[in-house]
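Chain by chain, the residues run as shown.
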Amino acid sequence: MAIATINPTTGKTLKTFEPLSDEALEEKLARAAAAARTYRRTTPQERAGWLRSAADVLDSDTEAVAELMTTEMGKTLASAKAEVGKCAEALRWYAEHGPALLEPQRYDAEAVKATEAYVVHQPLGVVLAVMPWNFPLWQAMRFAAPALMAGNVGLLKHASNVPQTALYMEELFGKAGFPDHVFQTLLIGSSTIEQVLRDDRVAAATLTGSAPAGQSVASIAGDALKPTVLELGGSDPFIVMPSAHLDRAAEVAVTSRNQNNGQSCIAAKRFFVHRDVAEEFTRLFAAKIADLTVGDPMDEGTQVGPLATESGLEDVEKYVQDAVGKGATVLAGGKRVDRPGWFYEPTLLADITPEMDLYAEEVFGPVAALFVVDSLDEAIEIANSHPYGLGSNLWSEDEDERAQFVRDIESGMAFINGMTTSYPELPFGGVKQSGYGRELTELGMREFTNAKTVWVG
Ligand code: NDP
């Protein structure tokens, strides 16, 4: 895949970039390793100060970065601005809580015949982050804020279609006053990742993206015995029970499925509605989907913009055609939008069967799959039959149903009467083929630390 900015709204190539030469890559790795040796000796308080400055830089750069993201991957300008704000929030969260979370944890010294026993959380060193284009600033920040707080050094290999946002990330940490080369962007194709990952100067890796990309990074890292965190795809269930507030559930269902032009790992993608309320919920859901304004993501009134890539659009089109060919009913949308760029209509499909490709895969576009079920058991059983287990959603006022859902749903996150969202204040991650490890909070920060046990006699 060429490293280039191609505007999805027009399909026009705006800027192309040469991948780093071997010499330039070597220089970046050497600088990262040198930075890691000194940065680990800075205090948590110093790092917190730089994180705060980075948040301030983001605040003042909001308009420009948001426009850049919209130009590179097509999210609406309003959502791009919100993404910048969320990144600043995460930086401030770590600045505020990071130092306390890095304090030594005391253990019972007497029990181990010591005068002191504690654990210190120390940085691993240089961490490689392989990131996707869908939330180009947030996905990378979700790695960077905790990693830098913990004293690690970051190398970002961003998706090839968001090179300018990737370069901005490096610029941001420079402007914030972090020591030189603590965070660098590598403009490289995915075929160069193995070389970087196997390099002795790289201690660990994190990847957010597709399952095949995750498998590749995990197997190389496994062979090299380096720790990884993987945040892969999802096909989150959204279960609506008879006690649910149907209008509110339908409203949130539409937002969840169509946010970011339908390209979010934690979007609800499969909708399980209890038969008793299926007719009413379906009517509300279809009407609200049909009401969405599709258009130029720079326009204020636009709710759904284009898909980020042409191949992404073709994939979505194939999933819908396959499902319709095998008997799915189109209740809204169902085709490309007749205009330049990579637009697809927000779509609702019913009568989904296991033979359809979208039944067990992830559709990365604005396509909702509707299932009518007779019980919560049935909804959970079909939901769990899917290989992914990232987020999940239940709409119910019934305490027993909520408890059953939390106990039985196979997912890393369970949201009740709300939409799965990543908050800087909550852990984020999945199970099964959605990956492993956690991001955000102290759990995310400790993924890339050495919990060193200290015993003093
Ligand atoms: P990819 O997984 O291909 O891209 C994500 C990142 O991984 C990019 O930086 C990419 O680099 C890199 N990458 C690609 N192939 C490999 C590999 N073999 N080894 C190591 N790194 C690799 O996602 P796509 O953009 O192609 O999207 C495809 C599907 O992935 C989507 O339809 C969706 O299902 C899923 N996805 C999930 C996301 C999530 O948030 N969980 C985010 C994005 C995609 P490069 O761009 O240079 O290829």
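Whatever comes next refers back to the structure up there.
The structure reproduced in this document is the subject of the present report. Small disclaimer: the values here were computed from a predicted structure and weren't measured. (Residues numbered from 1 in each chain as written. Predicted model: local features only at pLDDT ≥ 70, side-chain atom pairs only at ≥ 80, totals over all residues. Heavy atoms only, no water.)

## A short note on the side chain of Thr347
In step 1: Assignment of secondary structure puts Thr347 in strand S13 (residues 347–350).
In step 2: Accessibility expressed as a relative area gives 1% for Thr347, which makes it buried.
In step 3: Polar contacts involving the side chain of Thr347 include one to the main-chain carbonyl oxygen of Glu345, which spans 2.6 Å.
In step 4: Setting aside chain neighbours within four positions, we find Thr347 in contact with Ile289, Ala332, Gly333, Gly334, Lys335, Pro366, Val367 and Ala368. (Helix = DSSP H or I, 4+ residues; strand = E, 2+ residues; numbered from the N terminus. Buried < 20%, exposed > 50% of the residue type's maximum accessible area, 1.4 Å probe, protein only. Polar contact = N/O pair within 3.5 Å; in protein donor to acceptor, adjacent residues only side chain to side chain. Contact = heavy atoms within 4.5 Å.)

## Some thoughts on the sheet that holds S13
In step 1: Across the sheet, 7 strands lie side by side as S12-S13-S14-S11-S10-S16-S17; this open sheet has mixed pairing. Strand pairing shows two members of the sheet lacking a second neighbour, strand S12 (329–332) and strand S17 (415–416), which therefore form its edges. (Pairing = 2+ DSSP bridges.)

## Observations concerning the sheet that holds strand S7 (residues 183–185)
In step 1: Spatially, the 6 strands line up as an open sheet ordered S7-S6-S5-S8-S9-S19, and their pairing is mixed. The sheet is open, and its two borders are formed by S7 and strand S19 (435–436), each paired with just one other strand.
In step 2: When strand S5 (residues 126–130) meets strand S8 (residues 202–208), the two strands line up parallel, connected through 5 bridges. From the neighbouring strand, Val127 faces S8, where its bridge partner is Ala204.
In step 3: Here helix H5 (residues 163–175) sits on the sheet in contact with strand S6 (153–157) and S7, set at roughly 160 degrees to S7. (Axes fitted to C-alpha atoms, helices over the stretch in contact; angles between N-to-C directions.)

## Focus: empty space enclosed by the protein
In step 1: Following the criterion strictly, the structure yields 4 cavities of 30 Å³ or more and no others.
In step 2: Size it by volume and the largest cavity reaches roughly 80 Å³.
In step 3: For the largest cavity, the lining is made up of 13 residues, of which Arg142, Phe143, Pro146, Gly444 and Phe448 are closest to its centre.
In step 4: Elements represented by at least two residues in the lining of the largest cavity include exactly helix H4 (138–149) and helix H14 (441–446).
In step 5: Among the elements that line the lining of the largest cavity, the one with the most residues is H4, at 4 residues.
In step 6: Broken down by class, the residue content of the lining of the largest cavity amounts to 7 nonpolar, 2 polar and 4 charged. (1 Å grid on protein atoms, 1.4 Å probe; cavity = no way out; pocket = protein on both sides within 12 Å on 5 of 7 lines; lining within 4 Å. Points joined across faces, edges and corners; volume = space filled by probe spheres on them. Nonpolar A, V, L, I, M, F, W, Y, C, P; charged D, E, K, R; others polar.)

## Re the nonpolar core
In step 1: In terms of nonpolar packing, the biggest core is built from 82 residues, with Leu58, Leu128, Phe173 and Phe178 touching the most fellow members.
In step 2: A total of 11 residues in this core trace back to one element, the largest contributor, which is helix H3 (residues 77–101).
In step 3: Beyond its immediate sequence surroundings of up to four residues, Leu128 is in contact with Leu155, Lys157, Leu186, Ile193, Val196, Leu197, Val202, Ala204, Ala205 and Thr206.
In step 4: One finds Leu307, Leu358, Ile382 and Ile409 within the second-largest nonpolar core, a separate group that totals 30 residues. (Core = buried A, V, L, I, M, F, W, Y, C linked by side-chain atoms within 4.5 Å.)

## Things to note about the layout of surface pockets
In step 1: Its boundaries defined by the atoms lining it, the largest pocket holds a volume of some 1000 Å³.
In step 2: In this structure, the largest pocket is lined by 43 residues; those nearest its centre are Pro132, Trp133, Gly209, Ser210 and Ala213.
In step 3: The greatest single-element share of the lining of the largest pocket, amounting to 6 residues, is contributed by helix H7 (residues 211–223).
In step 4: Reported here for the second largest pocket is a volume of approximately 730 Å³.
In step 5: The wall of the second largest pocket is formed by 32 residues, among which Ser79, Thr255, Gln259, Asn260 and Met419 lie closest to the centre.

## Brief notes about the packing of H3 against H4
In step 1: Close contact between H3 and H4 brings their axes to 10 Å; oriented N to C, the two are set at 15 degrees. In terms of orientation, H3 lies roughly parallel with respect to H4. Considering the relative orientation of H3 and H4, their crossing is right-handed. Counting all contacts with H3, which are made through Glu83, Lys86, Cys87, Ala90, Leu91, Tyr94, Gly98 and Pro99, the residues of H4 involved are Trp138, Met141, Ala145, Pro146 and Met149.
In step 2: Per-class residue counts for the contact of H3 with H4 are 10 nonpolar, 1 polar and 2 charged. (Parallel < 35°, antiparallel > 145°, perpendicular 65-115°, else oblique. Left-handed = near helix turned anticlockwise from the far one by under 90°.)

## Observations concerning the environment of Glu63
In step 1: Position of Glu63 among the secondary structure elements: in helix H2 (residues 44–73).
In step 2: Take Glu63: its relative accessible area is 47%, and that puts it in the partly exposed class.
In step 3: When the C-alpha atoms of Glu63 and Lys86 are compared, they prove to be 14 Å apart, with 23 residues separating the residues in sequence.

## Topic: unusual backbone geometry
In step 1: A positive phi angle, close to 55 degrees, is found at Asn417, a residue other than glycine.
In step 2: With respect to the helices and strands, the residue Asn417 is situated in the loop between S17 and strand S18 (431–432).
In step 3: Under the relative-accessibility criterion, Asn417 is labelled partly exposed at 27%.
In step 4: Backbone geometry at Thr441 places phi at a positive 55 degrees, although glycine is not the residue there.
In step 5: Looking at the secondary structure, you find Thr441 in helix H14.

## Some details on the site of the ligand
In step 1: Surveying the vicinity of the ligand reveals 26 residues, the closest of which are Trp133, Ser160, Ser210, Leu232 and Glu362.
In step 2: The separation between an oxygen atom of the ligand and a polar side-chain atom of Trp133 is 2.4 Å.
In step 3: Asn134 is positioned with one of its side-chain polar atoms (N or O) 3.2 Å from an oxygen atom of the ligand.
In step 4: Starting from 860 Å² of accessible surface for the ligand in isolation, the protein chains cover 81%.
In step 5: A majority-of-atoms criterion places the ligand in the largest pocket.
In step 6: When residues of the shell around the ligand are traced back to their parent elements, those giving at least two are S8 and H7.
In step 7: Here the element with the most residues in the shell around the ligand is H7; it accounts for 3 residues.
In step 8: Residue classes in the shell around the ligand are distributed as 13 nonpolar, 10 polar and 3 charged. (Near = heavy atom within 4 Å. Areas by Shrake-Rupley, 256 points an atom, 1.4 Å probe, with all protein chains shown as cover. Sits in = over half its atoms within 2 Å of the grid points.)

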